[in-house]
Amino acid sequence: RPKSSWATMLLQRATSARAARRVVSGAARLRAQCYSTSLADVELAAPQPAPLCALLEEEQAMAEAASRFARERVGPVVQSMDEAGKMEADVIDGLFEHGLMGIEIAEEHGGCGATFTAACLVVEELAKVDPAVSVMVDIHNTIINNCVSRWASPELQREWLPRLASDTLGSFCLSEAGSGSDAFALRCAARRDGDDYLLSGEKLWISNSAEAGVFLVMANAAPEKGHRGITCFVVPREAAGLRVGPKEDKLGIRASSTCPVLLDDVRVPASAVLGEVGAGYRYAIEILNEGRVGIGAQMVGLAQGALDRTLPYLHERRQFGTPLIEFQAVAHEVADLTAELHAARLLVYDAARRQETGTPLVKEAAMAKLIASRVAEKTASKCIELLGGVGFTKEYGVEKLYRDAKIGAIYEGTSNIQLNTIAKLVSAQYK
């Protein structure tokens with residue numbers, strides 16, 4: 001890990017402090033079982049309920065590091081990146097340098113070895129400033145890194161995890177022209193050829209693809225088995241036959257690249273299979289459930305960012321000799337948005353803790369993404385109205401957040417898909 005990074009320094013400070021003293025409450029006690037090799041090393045106090053937003057010291061440190069990076073390195077280039085529809089290389093390099101791209105990767109592979117909640121906090125803090133940067137970090141941490149850490153062979157982990165933590169962006173290739181919400185209708189094929197596989201097909205709407213150095217490609221190695229033939233392959237960018245198409249000209253999160261990825265008999269060794277042949281569909285389901293929590297965190301950060309840009313103006317702007325915030329109608333709007341945002345944040349944090357403790361989270365992840373995306377869109381819209389004419393300009397940046405918010409109801413499972421998931425699981429409880 002870069003020794004100069006804020007994240008690393010703060011984590012080291014938090015770790016030493018935690019080693020000296022750690023009094024755990026009921027919820028923290030459960031977390032201690034996950035993060036400590038022995039409960040004998042942990043000083044136990046009488047179990048006390050902890051607030052849902054309670055954070056470990058290293059999680060708070062990661063959030064502070066991400067917040068500082070967002071203000072100092074991302075903030076100055078947000079508008080220019082949005083206008084150009086391009087992520088600054090300096091921003092990507094900085095994220096790696098400050099330890100924000102290997103949050104959950106084990107320390108032995110150069111990562112921070114932090115929690116899933118820490119990753120969500122980083123995503124949230126970055127989204128307050130630029131949701132485009134936030135989603136790039138989210139996909140890399142919660143999907144790419146975790147897929148490799150969880151299911152890749154030891155050889156693939158040794159090859160890729162140090163790079164994913166230090167300098168190589170990852171991209172997840174699942175969607176195709178005929179497989180969006182019906183993800184397992186994909187047609188990308190993996191044909192066995194001796195000791196290798198030949199990958200052929202076209203992926204669409206692939207995030208991070210313009211800058212990625214490695215792709216996790218879902219392809220069907222046994223079409224006769226239907227979705228049970230879907231297999232995940234680790235494909236380096238330089239692989240012959242792999243080509244990234246032109247970027248989509250999008251409404252929002254414009255700096256985040258979204259491109260087609262074309263595979264023309266891309267040859268990869270059998271050792272490039274991530275996990276088991278035919279288990280790709282299972283990996284995709286599990287990792288996307290977690291990815292939805294990350295998108296929820298992004299949407300929570302976006303909504304908070306809109307309020308943070310709006311509230312100072314409401315105190316400064318006066319009409320009829322009175323600050324706008326002192327008009328009851330305005331104050332009630334702010335109160336309503338604040339309450340809904342807090343509820344969305346609690347859903348996200350609860351789902352994140354469920355991931356860490358191995359508790360089922362399919363329904364909770366769907367609810368977190370559904371509600372957080374609705375709150376983000378509503379908050380950004382209302383903030384533009386509260387700002388009035390200046391809100392409709394680019395001066396305060398809320399119009400960008402309004403454009404960025406719309407994607408929350410679409411990617412990593414549309415809102416209708418989340419509703420289907422929630423309804424199915426709730427109904428099953430009463431059968």
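Residues numbered from 1 in each chain as written. Predicted model: local features only at pLDDT ≥ 70, side-chain atom pairs only at ≥ 80, totals over all residues. Heavy atoms only, no water.

Right, let's talk about the environment of K225 for a bit. Along the chain, K225 falls in the loop between strand 6 (214–220) and strand 7 (230–236). Relative accessible area serves as the criterion here: at 54%, K225 is assigned to the exposed category. Sequence separation of K225 and G278 is 53 residues, and the distance between their C-alpha atoms is 8.8 Å. (Helix = DSSP H or I, 4+ residues; strand = E, 2+ residues; numbered from the N terminus. Buried < 20%, exposed > 50% of the residue type's maximum accessible area, 1.4 Å probe, protein only.)

Take the confidence of the model for the protein chain next. Per-residue pLDDT for the protein chain has a mean of 91; in total, 89% of the residues score no lower than 70. Residue range residues 13–42 is modelled with pLDDT below 50. Its contacts to residues more than four positions away, or to other chains, number 44 contacts. (pLDDT = per-residue confidence, 0-100. Contact = heavy atoms within 4.5 Å.)

Under the defined criterion, the tally for this structure stands at four aromatic pairs. With a centroid separation of 6.2 Å and an interplanar angle of 90°, the aromatic rings of F184 and Y281 are classed as edge-to-face. You can see F184 sitting in the loop between strand 3 (170–173) and strand 4 (189–193) and its partner Y281 sitting in helix 9 (residues 280–316), a full 97 residues away along the chain. Each ring, one from Y197 and one from F233, has its centre 5.1 Å from the other, and the planes form 65°; the classification is edge-to-face. Placement of the pair is Y197 in strand 5 (residues 196–207) and F233 in strand 7, with a sequence separation of 36 residues. Y197 sits in the buried class, given a relative accessible area of 6%. (Phe/Tyr/Trp six-rings, centres within 6.5 Å; stacked < 30°, edge-to-face > 60°.)

With that out of the way, let us pick up the environment of V74. Summarising the element assignment, V74 is placed in helix 3 (residues 57–74). When the C-alpha positions of V74 and D90 are compared, they lie 9.4 Å apart, and in sequence the two are 16 residues distant. When residues no more than four places from it in sequence are discounted, the contact partners of V74 are F69, V91, V129, D130 and V133.

Moving on, we get to the side chain of Q304. Looking at where Q304 falls in the secondary structure, it is placed in helix 9. Sequence-distant contacts of Q304, that is, excluding residues within four places in its chain, are made with K128, L341 and R345.

Our next topic: the state of the cysteines. Per the counting criterion, the structure on display carries zero disulfides. Cysteine C232 remains unbridged, with the sulfur of C147 as its closest cysteine sulfur at 5.9 Å. Owing to a relative accessible area of 1%, C232 belongs among the buried residues under this scheme. (Disulfide = S-S within 2.5 Å.)

Every α-helical turn comprises 3.6 residues, leaving residues that sit three or four positions apart pointing alike. A rise of 1.5 Å per residue sets the reference length of helix 6 (residues 116–129), with its 14 residues, at 20 Å; its end C-alpha atoms lie 21 Å apart and thus fit the reference within 8%. Where burial is concerned, most of helix 6 is hidden: 14 out of the 14 residues are buried. (Expected span 1.5 Å × (residues − 1).)

Next up on the list: the packing of helix 6 against helix 10 (residues 328–357). The contact between helix 6 and helix 10 brings their axes to 8 Å, and the two run at 150°. Our classification of the angle between helix 6 and helix 10 gives roughly antiparallel. For the pair helix 6 and helix 10, contact is made by F116, T117, C120, L121 and E124 and by R345, Y349, A352, R353, Q355 and E356, respectively. Its residues placed into classes, the contact of helix 6 with helix 10 shows five nonpolar, two polar and four charged. (Axes fitted to C-alpha atoms, helices over the stretch in contact; angles between N-to-C directions. Parallel < 35°, antiparallel > 145°, perpendicular 65-115°, else oblique. Nonpolar A, V, L, I, M, F, W, Y, C, P; charged D, E, K, R; others polar.)

Enumeration over the complete set of coordinates arrives at 26 salt bridges. Note that E385 is salt-bridged to K382, the shortest N-O span being 3.9 Å. Of this pair, E385 and K382 both sit in helix 11 (residues 362–387), separated by three residues, roughly a single helical turn. What makes E385 exposed here is its relative accessible area of 51%. Across the pair R403 and E399 runs a salt bridge whose closest N-O atoms are separated by 3.0 Å. In this pair, R403 and E399 are both assigned in helix 12 (residues 398–405), four residues apart and thus about one turn of the helix distant. Classification of R403 by relative accessible area gives buried; the value is 15%. (Salt bridge = Lys/Arg side-chain N within 4 Å of Asp/Glu carboxyl O.)

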